[in-house]
Amino acid sequence: MSKARPLLVGITGGIGSGKSTVCKLFSIIGIPVYTADDRAKWLMAHEAELRNQISATFGAAAYSSTGELNRVFLAESIFPYPKKIAELNALVHPAVSKDFKEWRAAHTAPYLIKEAALLFETGAAKELDYVINVSSPLRVRMARVLLRDPHRSEEQVNQIINQQLPDEEKNELADFCIKNTDNKLLLPQVLQVHAQLLSSSSTA
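Attention here is on the structure that accompanies the text.

Rules behind the numbers
- Residues numbered from 1 in each chain as written.
- Predicted model: local features only at pLDDT ≥ 70, side-chain atom pairs only at ≥ 80, totals over all residues.
- Heavy atoms only, no water.
- Helix = DSSP H or I, 4+ residues; strand = E, 2+ residues; numbered from the N terminus.
- Buried < 20%, exposed > 50% of the residue type's maximum accessible area, 1.4 Å probe, protein only.
- Pairing = 2+ DSSP bridges.
- Axes fitted to C-alpha atoms, helices over the stretch in contact; angles between N-to-C directions.
- Contact = heavy atoms within 4.5 Å.
- Core = buried A, V, L, I, M, F, W, Y, C linked by side-chain atoms within 4.5 Å.
- Arc of directions from axis to C-beta.
- Phe/Tyr/Trp six-rings, centres within 6.5 Å; stacked < 30°, edge-to-face > 60°.
- Lys NZ or Arg CZ within 6 Å of the ring centre and 35° of its normal.
- Expected span 1.5 Å × (residues − 1).

### Concerning the environment of alanine 143
Next up, step 1: With respect to the element layout, alanine 143 can be found in helix α6 (residues 138-148).
Next up, step 2: The exposure class assigned to alanine 143 is partly exposed, which follows from its relative accessible area of 47%.

### Things to note about the sheet that holds strand β3 (residues 111-115)
Next up, step 1: Overall, parallel pairing links the 5 strands, which are arranged β2-β3-β1-β4-β5 in an open sheet. A strand with exactly one partner marks an edge of an open sheet, and here the two such strands are β2 (33-35) and β5 (176-179). Across the sheet, the mean angle separating the axes of adjacent strands is 20° when strand polarity is ignored.
Next up, step 2: With 3 bridges joining them, β2 and β3 adopt parallel strand pairing. Its bridge partner lying in β3, threonine 35 is registered against glutamate 115.
Next up, step 3: Helix α5 (residues 82-105) contacts β1 (7-12), β2 and β3 of the sheet and is inclined by roughly 165° relative to β2.
Next up, step 4: Along the sheet, helix α9 (residues 186-203) makes contact with β1, β3, β4 (130-135) and β5, crossing β5 at roughly 165°.

### Re the nonpolar core
Next up, step 1: With 34 residues, the main nonpolar core has Met44, Leu50 and Ile54 as its most contacted residues.
Next up, step 2: Secondary structure elements with two or more residues in this core: α2 (36-46), α3 (48-58), α4 (71-77) and α5.
Next up, step 3: Per-element accounting of this core gives the leading share, 8 residues, to α5.
Next up, step 4: Not counting chain neighbours up to four residues away, the residues in contact with methionine 44 comprise Leu50, Arg51, Ile54, Tyr63, Leu69, Leu74, Leu88 and Val92.
Next up, step 5: In this structure, Val9, Cys23, Ile132 and Val193 belong to the second largest nonpolar core, which totals 18 residues.

### Details of helix α7 (residues 154-162)
Next up, step 1: Inspection of α7 places Val157, Ile160 and Ile161 among the buried residues, and these make up the whole buried set. Down the axis, α7 shows its buried residues gathered within 100° of arc, on one side only. Exposed positions of α7 whose direction lies more than 90 degrees from the buried face are Glu155 and Asn162.

### As for the packing of aromatic side chains
Next up, step 1: Under the criterion given, the structure shown has 5 aromatic pairs.
Next up, step 2: Relative to phenylalanine 100, the ring of tyrosine 34 has its centre 5.1 Å away and its plane inclined at 65°; by these criteria the two rings are edge-to-face. With a gap of 66 residues between them, tyrosine 34 in strand β2 and phenylalanine 100 in helix α5 connect regions that are remote in the sequence.
Next up, step 3: Of the residues examined, phenylalanine 100 reaches a relative accessible area of 4% and is grouped as buried.
Next up, step 4: Both rings, one in tyrosine 130 and one in phenylalanine 176, keep their centres 5.9 Å apart while their planes meet at 50°; by these two values the pair is tilted. Remark: phenylalanine 176 occurs in strand β5 and tyrosine 130 occurs in strand β4; sequence separation between them is 46 residues.
Next up, step 5: Of the residues examined, phenylalanine 176 reaches a relative accessible area of 13% and is grouped as buried.
Next up, step 6: Following the ring pairs from residue to residue traces out a cluster consisting of Tyr34, Phe100 and Trp103.
Next up, step 7: Stacked on the ring of tryptophan 42, the Lys or Arg arginine 39 has its end atom at 4.7 Å from the ring centre.
Next up, step 8: Seen from the ring of phenylalanine 100, lysine 114 lies directly overhead, with NZ or CZ sitting 4.7 Å from the centre.

### What about α9?
Next up, step 1: The terminal C-alpha atoms of α9 lie 26 Å apart, and with 18 residues this matches the ideal 26 Å at 1.5 Å per residue to within 8%.
Next up, step 2: Inspection of α9 places Leu186, Gln189, Val190, Val193, His194, Leu197 and Ser200 among the buried residues, and these make up the whole buried set. Looking straight down α9, one finds that the buried residues subtend no more than 135° of arc, so they occupy a single side. For α9, exposure combined with an orientation more than 90 degrees from the buried face picks out Gln192, Ser202 and Thr203.
Next up, step 3: Summarising the contacts, the buried residues of α9 are in contact with β1, α1 (19-28), β3, β4 and β5.

### Examining the pairing of β1
Next up, step 1: The element β1 is largely enclosed, with a buried count of 6 among its 6 residues.
Next up, step 2: Looking at chain direction, β1 and β4 are connected through 4 bridges and run parallel. Bridge pairing in β4 links isoleucine 11 to isoleucine 132.

Here it is in structure tokens:
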């Protein structure tokens, strides 16, 4: 009898919501975490076919003279324009999907976590068994991002926020909501969701 596959659980949330912190807590308790946004950046920088596609679509300026991904070019020439972002996503998301399938095949656990900012927006949530949304007030998120990413302007952060579903909508779509606010401890919420997911995996 074949062994049941691990449950696939997504973690999403708006920029600055604290997704990475929540994922670290899941990782500490032994759950493998795939960080889609970080892997996307790595693939854009190192995967030959994707690099060629990006250069062909957006021009040689997408990469520096030394071959590194030109993040300033992306921030200024692509991210402010929804059509260009859609074109970039159409190249990057298939590469990330393939990379994730290879990653999950190499891991065993009651459940695996995929962290991504745009799970609902891209339709990737449909491929998962459960989704956790990390929720945080907009003003708090803005302050966190500006402190964390000094190279970003408030206008750039707002552009990113405008491309993401509002927190309220994601909370309704998600199976679990973890609130990252000053009056809510994260670890007890993570452990509660962990217990529910373990129970679900044992009955799957």
